[in-house]
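# A look at the structure
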Amino acid sequence: MFEGMIGKWVLIGCLILVGMLIVGLFFGPFLGGNVLALMGAGLAVALGGIGSIVAVGATGEKAAGMTAENPDNFGRLLPLQALPGTQGIYGFLVGFLALVKMEAFAGVLELSLEQGWQVFFACLPCALSCLISGLYQAKVCLSGMDIVAKKPEESGKALILPAMVETYAVLGLLASVLMIMFAVKI
Amino acid sequence: MAVARMRKVTIFAYEDLGESIFETLRDLEVLHVTKRESRDLSYYEEDEDKYDEKLSQLSVIKSYFEQYTSIEKSFLDMFTGAKPQMSYEEFKRVVAGCDVDEVFVTVQKHGKRLKEIDQAIQELTQRVEVLAPWVELDIPIPEIRPTKTCDMQLAIVPSNSLNHVGDEISTEYVHFHEVWREHGNSGVWLVTLLDQEPSLSAVVSALGGVSVNLSREIEGYSETGSVKEALNNIEKTVSDLLAEREEILSKDGEMAQDLMGILALIDYYLDKQNLFELRKSTPKTRFTLVIEGYAKAKEIDKLRDGLSIYKDIEIVDEEPGEDEDVPVFLENNVLIRPFEFVTNIYGYPQYNEMDPTPFLAPFFWIFFAMCLGDAIYGIILSIFSIWFIKTQSLEDDKLIRLLGYCGVSTLFAGALMGSWFGDLPSTFFGGTAIERFTSKFAVLDPVNDPITLLVVSLGLGIVHLWVGIIVKMLGTIREGAVFDAIVDDGSWVVFIPGLILWVLSLMGMIQSSIPLYIMIVGAVMIMWSGARNQPNIFMKPISAVGGFYNIVSYFSDTLSYARILALGLASAIIGVVVNMIAALIVDMVPGVGWVFVPVILIVGHLFNLVINALGSFIHSGRLQYVEFFSKFFEGGGTPFRPLKRVRKNIMVID
């Protein structure tokens with residue numbers, strides 16, 4: 001069932017992204033650079049968040065069912081549920097760094113349109129990679145829970161397989177962080 | 001250090017001794033018994049059924065008892081999988097003293113009776129619901145029936161229809177008496193003359209009601225047919241049933257106190273079953289039993305001592321053969337042992353392979369520290385680990401020790417990166433001695449200068465990969481192919497540092513031309529290694545250049561270590577965010593804002609610690625499995641699992 005939902009959520013995420021892009025393209029000159037930058041920061045937080053919400057929701061559902069079946073597995077299932085939750089944190093992190101770059105905590109800077117777009121695009125790698133990797137990582141976690149059910153002593157392996165998917169969220173995060181810190185000229 | 005030496009053990013014994021020998025072996029816990037395909041031994045079947053039956057009885061008893069009581073488990077036990085403990089004397093007493101059949105029969109009887117009582121009570125409650133409104137009816141129910149001239153009925157009709165009875169139907173020959181009125185309905189007693197229109201049922205339906213017959217409800221509970229009497233009798237029966245139920249429940253509650261005993265018995269029979277399975281799969285002749293297995297070379301004497309109580313027995317131990325699947329036991333010193341946990345997640349090495357644990361240990365230690373990278377988190381981890389080992393009895397404390405060790409490295413890494421609960425010292429203790437103290441150790445700032453940390457991460461990655469290739473070379477040398485090892489792997493061992501140093505010298509960081517020569521030597525070796533297995537003389541140059549293809553995979557492997565920076569940044573920045581929120585709240589809530597600060601700090605940092613410790617562990621592990629192990633490690637060995645008592649539900653302690 002969850003497999004069928006992944007496409008839908010990726011689509012929703014991309015629609016939000018495209019919507020923001022269109023808003024920026026058409027109304028950017030009226031809204032100003034700060035709004036564009038905030039849209040980018042918001043996208044990173046929201047898309048990463050969506051990925052993690054859906055993922056942690058689906059994994060949590062299965063974990064709860066399996067805990068009902070055998071409460072002893074709770075400790076092994078919890079990390080598997082938490083694993084796709086990191087994408088939301090990465091998204092938040094990038095959003096936060098964008099705010100720091102705007103000096104939001106020390107009297108906001110007045111960004112030009114160009115600077116606004118720079119921040120916007122710098123946020124995208126993390127936003128997209130976190131959205132999609134979160135969803136697909138959940139898929140691996142769900143299958144990993146079957147390892148816990150059938151061979152509890154091999155639970156460690158169930159943790160490593162989803163980590164492969166997370167790699168790309170980490171790289172997206174890194175790319176966004178480096179872009180915001182060094183490539184955005186403010 | 002590394003993989004423990006094993007001896008192949010074969011025990012020849014009289015068939016009659018089988019059961020007793022297996023029990024002795026189980027208590028010795030030194031022999032890994034090789035299981036064979038099960039053989040046809042039909043004369044054992046009876047035993048097998050016996051254990052199955054006992055176990056299914058016990059599981060019924062267990063789930064029945066668990067309705068009444070449960071073994072208390074703390075929150076931590078859910079993570080440690082700790083089991084309730086029982087002394088060996090107690091265990092022996094339970095096993096000897098419990099009659100499973102009897103308990104089973106009682107449990108079944110009680111269960112059945114409870115169900116019956118519940119059903120009876122439910123049925124009686126329904127009767128009471130129907131009867132209760134009619135309690136004032138003073139005509140016995142059997143009397144309400146057509147007589148010679150009259151027709152009589154009880155009916156429930158809407159109360160307001162009674163007010164205008166005369167409007168719609170002629171009431172000349174109808175008499176009614178309202179017995180009760182409730183929720184807009186009335187219970188009425190109706191009489192008409194027979195052979196007159198309208199008939200009684202027509203009257204009832206004209207009033208919009210239904211006729212009722214209570215004879216089924218009072219059946220068996222009223223001799224005279226009076227509703228009142230029936231109600232009284234039903235009430236009495238119900239209270240009797242309830243009393244009986246209470247009695248059974250209290251008996252059950254008492255019996256259920258013995259849940260531990262039942263758990264112990266389940267383990268006991270599981271153990272019996274396990275030994276039986278083993279015995280069944282043991283090759284034997286008519287009189288002789290042959291038990292095959294492996295024991296650690298060190299423990300052979302213990303095995304022989306333990307079995308010396310048997311006279312008619314022959315134990316042979318020998319060096320395992322080349323192509324046997326010898327079980328693997330990792331032996332490392334106390335510093336390295338916890339890291340076996342990391343190796344074991346991936347699997348066990350083959351018996352003839354090197355144990356990768358000592359090689360991965362330092363890297364895992366450092367990578368974890370850099371990913372988590374906060375001094376106070378490190379201290380918390382170490383303290384938690386010590387506390388946990390002290391207070392909890394763990395079967396396997398490798399993971400928790402590993403966290404303790406990594407806490408120490410995290411403390412160092414955090415101090416070097418100037419991160420103590422994020423930037424807590426400068427946020428809340430700016431200008432004080434605390435800030436001066438913490439900033440004394442800081443050499444690099446990951447948040448403001450991530451490039452340096454990126455270079456360090458990638459640099460460590462290169463060293464990691466390089467060590468991986470060296471280990472592979474050592475492994476090949478160990479197998480005797482010294483020449484292959486030096487040409488195929490040694491070439492890279494020389495080339496990679498040469499290349500790096502050469503790039504550094506190009507950048508002007510090193511004023512020397514030696515790196516260039518090292519690199520050239522390495523490159524020539526790589527080309528030779530690529531070309532030497534190519535039989536076609538014209539293809540040799542192409543194969544030689546093709547030898548460099550590996551550099552692509554080494555390059556992408558190296559980039560993977562950028563995750564250390566990313567995770568380090570993640571934990572550092574979330575720490576900073578927590579501190580910032582805590583600092584903002586002081587101004588946001590004037591006066592009492594300080595009250596919230598500790599709460600926010602503790603919750604926030606705890607969250608950050610937990611989520612990032614998980615991430616750090618997994619990603620440091622991944623770097624071992626994917627980048628490091630792929631250089632040299634094959635794995636797939638069978639873990640050494642000596643025959644032991646089954647401890648599924650409880651822990652028997654001496």
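On a predicted model such as this, the values are computed, not experimentally measured, just so you know.

## Brief notes about the overall build of chain B
What chain B contains, in helices and strands, is 25 helices and 10 strands. For 654 residues, the compact-globule estimate of 2.2 N^0.38 gives 26 Å, and chain B exceeds it by more than 25% at 41 Å. Viewed in the frame of its principal axes, chain B has a C-alpha envelope of about 130 × 85 × 60 Å. Per-residue burial over chain B gives 46% buried out of 654 residues. Contacts in chain B between residues at least 24 apart in sequence constitute 81% of all its contacts with a sequence separation of at least 6. Averaging the positions of the 55 positive and the 87 negative side-chain charges in chain B gives two centres separated by 8 Å.

## Some details on the overall build of chain A
The secondary structure content of chain A amounts to 6 helices and 0 strands. The order of helices and strands in chain A, counted from the N terminus, is α-α-α-α-α-α. By sequence separation, contacts in chain A at least 24 residues apart represent 87% of the contacts at least 6 residues apart. Counting only carbon and sulfur atoms, one obtains 72% of the accessible surface of chain A, whose full area is about 7,900 Å².

## Digging into unusual backbone geometry
Peptide bonds are mostly trans, and most non-glycine residues show a negative phi. Residue and element names in this part refer to chain A. A positive phi is found at glutamate 103, a non-glycine position, where the angle reads about 55°. Examined against the element boundaries, glutamate 103 turns out to sit in the loop between helix H4 (86-101) and helix H5 (113-150). A relative accessible area of 39% places glutamate 103 in the partly exposed class.

## Thoughts on the sheet that holds strand S6 (residues 185-193) of chain B
Residues and elements named next belong to chain B. Pairing in this open sheet of 4 strands is antiparallel, and the strands run S5-S6-S4-S7 from one edge to the other. In this open sheet, the two edge strands, each paired with only one partner strand, are strand S5 (174-182) and strand S7 (210-212). Taken over all neighbouring pairs, the strand axes of this sheet differ in orientation by 30° on average, direction set aside. Pairing geometry for S5 and S6, over 8 bridges, is antiparallel. Note that in S6 the partner of arginine 181 across the bridge is serine 186.

## Notes on the interface of chain A and chain B
Contacts between the two partners involve 30 residues from chain A and, on the opposite side, 30 residues from chain B. It is A:Phe96, A:Ile160 and A:Leu174 in chain A that bury the most area against chain B; as a group they hold 17% of the surface buried on that side. There are 0 salt bridges connecting chain A and chain B. Summed over the shared surface of chain A and chain B, the result is 4 residue pairs in polar contact (both at pLDDT 80 or more). Elements with a minimum of two residues in the side of chain A that touches chain B: helix H3 (74-82), H4 and helix H6 (155-183) of chain A.

## Focus on the pairing of S6(B)
Residues and elements named next belong to chain B. In terms of burial, S6 is a largely internal element, 7 of the 9 residues being buried. In this structure, strand S4 (residues 150-158) lies alongside S6, joined through 9 bridges in antiparallel fashion. Residue pairing across strands places methionine 152 opposite valine 191, the latter belonging to S6. With antiparallel pairing between neighbouring strands as the criterion, S5 and S6 make up a hairpin whose turn holds 2 residues, including histidine 183 at a positive phi of roughly 50°.

## Here's the deal with the sheet that holds strand S8 (residues 288-296) of chain B
All names here are of chain B. Spatially, S2-S8-S1-S9 is the arrangement adopted by the 4 strands of the open sheet, whose pairing is antiparallel. Whereas interior strands pair on both sides, the edge strands pair on one side only; in this sheet they are strand S2 (31-33) and strand S9 (313-318). Each strand axis lies, on average, 30° off the axis of its neighbour in the sheet, ignoring direction. Pairing geometry for strand S1 (residues 6-14) and S9, over 6 bridges, is antiparallel. Opposite valine 9, over in S9, you have aspartate 317 as the bridge partner.

## What to know about the packing of aromatic side chains
Residue and element names in this part refer to chain B. According to the stated counting rule, one finds 39 aromatic pairs over all chains in the structure shown. When the ring of tryptophan 420 is compared with that of phenylalanine 437, the centres are 6.1 Å apart and the planes differ by 55°; the resulting orientation is tilted. Of this pair, tryptophan 420 sits in the loop between helix H16 (398-416) and helix H17 (424-428) while phenylalanine 437 sits in helix H18 (residues 433-441); the two residues are 17 residues apart in sequence, bridging distant segments of the chain. For tryptophan 420, a relative accessible area of 11% puts it in the buried group. For phenylalanine 437, a relative accessible area of 41% gives the class partly exposed. For the ring pair tryptophan 420 and phenylalanine 441, a centre distance of 6.5 Å and an interplane angle of 40° mean the geometry is tilted. Here tryptophan 420, found in the loop between H16 and H17, pairs with phenylalanine 441, found in helix H18; they are 21 residues apart in sequence, far enough to count as distant.

## A word on the domain arrangement of chain B
What the domain assignment lists for chain B is domain 1 (6-97 + 258-318), domain 2 (129-231) and domain 3 (337-632). Centre-to-centre separation of domain 2 of chain B and domain 3 of chain B, based on C-alpha positions: 89 Å.

## So, the nonpolar core
A:Tyr90, A:Val94, A:Leu173, B:Phe364 and B:Phe368 are the most contacted members of the largest nonpolar core, which has 119 residues in total. With 16 residues, H5(A) is the single largest residue contributor to this core. When residues no more than four places from it in sequence are discounted, the contact partners of A:Val94 are A:Ala44, A:Cys123, A:Cys126, A:Leu173, A:Ser176, A:Val177 and A:Ile180. Counting residues in each nonpolar core, the second largest holds 51 residues, with B:Ile61, B:Val94, B:Ile218 and B:Ala264 among its members.

## Here's the deal with the pattern of salt bridges
Residues and elements named next belong to chain B. Within the structure shown, the criterion is met by 29 salt bridges over all chains. Across the pair glutamate 23 and lysine 272 runs a salt bridge, and its minimum N-O distance is 3.4 Å. With a gap of 249 residues between them, glutamate 23 in helix H1 (residues 18-28) and lysine 272 in helix H11 (residues 259-280) connect regions that are remote in the sequence. Taking relative accessible area as the criterion, glutamate 23 reaches 27% and is therefore assigned partly exposed. A residue is classified by how much of its surface remains accessible, and lysine 272, at 16% relative accessible area, is buried.

## Some points on the packing of helix H15 (residues 375-391) of chain B against H16(B)
All names here are of chain B. Running from N to C, H15 and H16 cross one another at 160°; their axes reach a closest spacing of 7 Å. With respect to H16, the element H15 is oriented roughly antiparallel. Here the hand of the crossing between H15 and H16 comes out left-handed. Residues Ala375, Gly378, Ile379, Leu381, Ser382, Phe384, Ser385, Phe388 and Ile389 of H15 form the contact with H16, whose own contacting residues are Ile400, Arg401, Leu403, Gly404, Gly407, Val408, Thr410, Leu411, Gly414 and Ala415. Looking at the contact of H15 with H16 residue by residue, the class counts come to 11 nonpolar, 7 polar and 1 charged.

The rules behind these values
Residues numbered from 1 in each chain as written. Chains lettered and ligands numbered in written order. Predicted model: local features only at pLDDT ≥ 70, side-chain atom pairs only at ≥ 80, totals over all residues. Heavy atoms only, no water. Helix = DSSP H or I, 4+ residues; strand = E, 2+ residues; numbered from the N terminus. Rg over C-alpha atoms; globule rule 2.2 N^0.38 Å. Buried < 20%, exposed > 50% of the residue type's maximum accessible area, 1.4 Å probe, protein only. Contact = heavy atoms within 4.5 Å. Lys, Arg positive; Asp, Glu negative; His and termini not counted. Charge placed at Lys NZ, Arg CZ, Asp CG, Glu CD. Areas by Shrake-Rupley, 256 points an atom, 1.4 Å probe, with all protein chains shown as cover. Pairing = 2+ DSSP bridges. Axes fitted to C-alpha atoms, helices over the stretch in contact; angles between N-to-C directions. Buried area = accessible area lost by both parts, 1.4 Å probe. Salt bridge = Lys/Arg side-chain N within 4 Å of Asp/Glu carboxyl O. Polar contact = N/O pair within 3.5 Å; in protein donor to acceptor, adjacent residues only side chain to side chain. Phe/Tyr/Trp six-rings, centres within 6.5 Å; stacked < 30°, edge-to-face > 60°. Domains from an automatic or database assignment. Core = buried A, V, L, I, M, F, W, Y, C linked by side-chain atoms within 4.5 Å. Parallel < 35°, antiparallel > 145°, perpendicular 65-115°, else oblique. Left-handed = near helix turned anticlockwise from the far one by under 90°. Nonpolar A, V, L, I, M, F, W, Y, C, P; charged D, E, K, R; others polar.

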